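The primary structure of each chain is shown beneath.
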Amino acid sequence: YTIYINSTNFYENKELEGKDERLLMEAFQRVLEKVEEFQEKKAQVTEEADRATLDLRRKLHQKRAILQEIQDSLTLYKREVALDAEYSRSGRRIPETDIDAWLKREEQQDAKVHEWRLRNIRIQNQLAKQDQGQPAADSAKRQAHMINFEQLKIENQTYNEKIEERTEELQKLRKKINITVQILSHFKEKLEYLTRENQKLKVRSAELDSGTTEQRNLLSKLKRDRDRLKADNARLRQEAGLVGVEELLRDYQMRRKMVRTQRVKLIALLERHEALTGVRPPLLDKAREEKRLEDEREEDEEEDEEDGEDAELAGSSPPSGGAPPAATATATATATATA
């Protein structure tokens, strides 16, 4: 508009070119003044428009901030109410994950509602413009809007059905969660019961171990008594069987010598084992005790033999062959009995 006015004034002043040059300069000056005036008005209008735009934007931001604050407070209040809520049957509180999921789903639904509201506002504005600009095509456009509205209703019904399906799935999941919690509680109770039973069985096992140890000690004692009785029986048999039998007496003496030699070797090996390992074998003391007893028995036998020889020298001379003297047999029998 300003350019149109400036160009018109310029052409009007162009017609005055044939007149006085002073008048032309005055007309040109007036045109410049009008141009400056229009530019000032344009700058003022632009500044007012910018100021109004900034003011509206500031108000919009303030309203959005207030709206966001209200929404946040409402969400916080819903969350607090949900956290304080309990199930009527079980008395358990709602988990925070479920609450967060519900709030997130609600935000998504609010976003969808906001989007559909904006779309509805746009459609209503378009409808209003069409009603103002084209009154002749109202019926067709209204039908089109009705069709769109029906489509939106159908879509809304579809969304509602999906929401109902999701709600049913959520109810099923809640039931599964309750069943799972009950199963876990049952398993915990069973675990505690089995733990108590295990403790009882451990105590019973310890008692049985102590009883078994006592029975083993008793068994060892009975075995020792049995071995002692066997040794007494063998001794009695030897006492009864060796008297008057020269071959058995000689064999018995040879075996005694061999046993004595082997016992000496055994003691030497056990002492060497103790020197090498630093651990005292349990058989060493027993072997030494047996060797000491054997030495004492030999000394007793030698004394008996010397007494017998003195008695023979004092009496008659021994026979020239055959059986050994009676004193020797008696000493051998005595040694056998002592063994």
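This structure is a prediction, so every number in the text was calculated from the model and none was measured.

Draft legend 1. Spotlight on the overall build of the protein. If you tally the helices and strands in the protein, you get 7 helices and 0 strands. Listing the helices and strands of the protein from first to last along the sequence gives α-α-α-α-α-α-α. Surface exposure of the protein reaches about 28,200 Å², of which carbon and sulfur atoms provide 55%.

Draft legend 2. Representation of a nonpolar patch on the surface within the structure. Nonpolar side chains collect at one region of the surface, where L74, Y77 and V81 lie side by side and expose about 300 Å² of accessible area between them. With respect to the element layout, L74 can be found in helix α2 (residues 21–84). On the basis of relative accessible area, L74 is assigned to the partly exposed category, the value being 42%.

Draft legend 3. Spatial organisation of the pattern of salt bridges. Applying the stated rule across the entire model yields 14 salt bridges. Across the salt bridge formed by K78 and E106, the nearest N and O atoms sit 2.1 Å from each other. Taken as a pair, K78 in helix α2 and E106 in helix α3 (residues 96–133) lie far apart in primary sequence, 28 residues in all. With relative accessibility at 30%, the residue K78 sits in the partly exposed group. E106 sits in the partly exposed class, given a relative accessible area of 28%.

Draft legend 4. Quick peek at a negative patch on the surface. On the surface, a cluster of negative charge is made up of E299, D300, E302, E303, D304, E306 and D307. Structurally, D304 is set in helix α6 (residues 282–314).

Draft legend 5. Molecular detail of the packing of aromatic side chains. This structure, assessed with the given rule, holds 0 aromatic pairs. Above the plane of the ring of Y159 lies K112, whose end atom (NZ or CZ) is 5.6 Å from the centre.

Draft legend 6. Up close: the side chain of R263. Looking at where R263 falls in the secondary structure, it is placed in helix α5 (residues 246–277). In this structure R263 touches A287, E290, K291 and E294, once residues within four positions along its chain are discounted.

Draft legend 7. View of the environment of E294. Position of E294 among the secondary structure elements: in helix α6. With residues near it in sequence (within four places) discarded, E294 still touches R256, R260 and R263.

Draft legend 8. The confidence of the model for the protein, seen in detail. Of the residues in the protein, 80% have a pLDDT of 70 or more, and the chain-wide mean is 78. The least confident element of the protein, judged by mean pLDDT, is helix α7 (residues 326–338) at 40; the most confident is helix α4 (residues 138–242) at 87. Contacts for the low-pLDDT stretch residues 13–17, under 50 throughout, to residues beyond four places or in other chains number 7 contacts.

Draft legend 9. Fine view of α2. Compared with an ideal rise of 1.5 Å per residue, which puts 64 residues at 94 Å, α2 spans 93 Å between its outermost C-alpha atoms and is within 8% of the ideal. For α2, every residue scored as buried is listed here: A27, V31, V35 and A82.

Draft legend 10. Examining α5 more closely. Here α5 contains 32 residues, and its C-alpha end-to-end distance of 46 Å stays within 8% of the 46 Å for a straight helix at 1.5 Å per residue. Where α5 is concerned, the buried positions are E246, L249, Y252, R256, R263, I267 and L270.

Draft legend 11. Here's a closer look at the environment of I94. Mapped onto the fold, I94 is located in the loop between α2 and α3. Residues I94 and D84, 10 residues apart in the sequence, show an inter-C-alpha distance of 8.2 Å. Excluding residues that lie within four positions of it along the chain, I94 makes contacts with A82, A85, Y87, I99 and W102.

Conventions adopted
- Residues numbered from 1 in each chain as written.
- Predicted model: local features only at pLDDT ≥ 70, side-chain atom pairs only at ≥ 80, totals over all residues.
- Heavy atoms only, no water.
- Helix = DSSP H or I, 4+ residues; strand = E, 2+ residues; numbered from the N terminus.
- Areas by Shrake-Rupley, 256 points an atom, 1.4 Å probe, with all protein chains shown as cover.
- Patch = residues over 30% accessible without salt bridge, like charges linked within 9 Å, V, L, I, M, F, W, Y side chains within 5 Å.
- Salt bridge = Lys/Arg side-chain N within 4 Å of Asp/Glu carboxyl O.
- Buried < 20%, exposed > 50% of the residue type's maximum accessible area, 1.4 Å probe, protein only.
- Lys, Arg positive; Asp, Glu negative; His and termini not counted.
- Charge placed at Lys NZ, Arg CZ, Asp CG, Glu CD.
- Phe/Tyr/Trp six-rings, centres within 6.5 Å; stacked < 30°, edge-to-face > 60°.
- Lys NZ or Arg CZ within 6 Å of the ring centre and 35° of its normal.
- Contact = heavy atoms within 4.5 Å.
- pLDDT = per-residue confidence, 0-100.
- Expected span 1.5 Å × (residues − 1).

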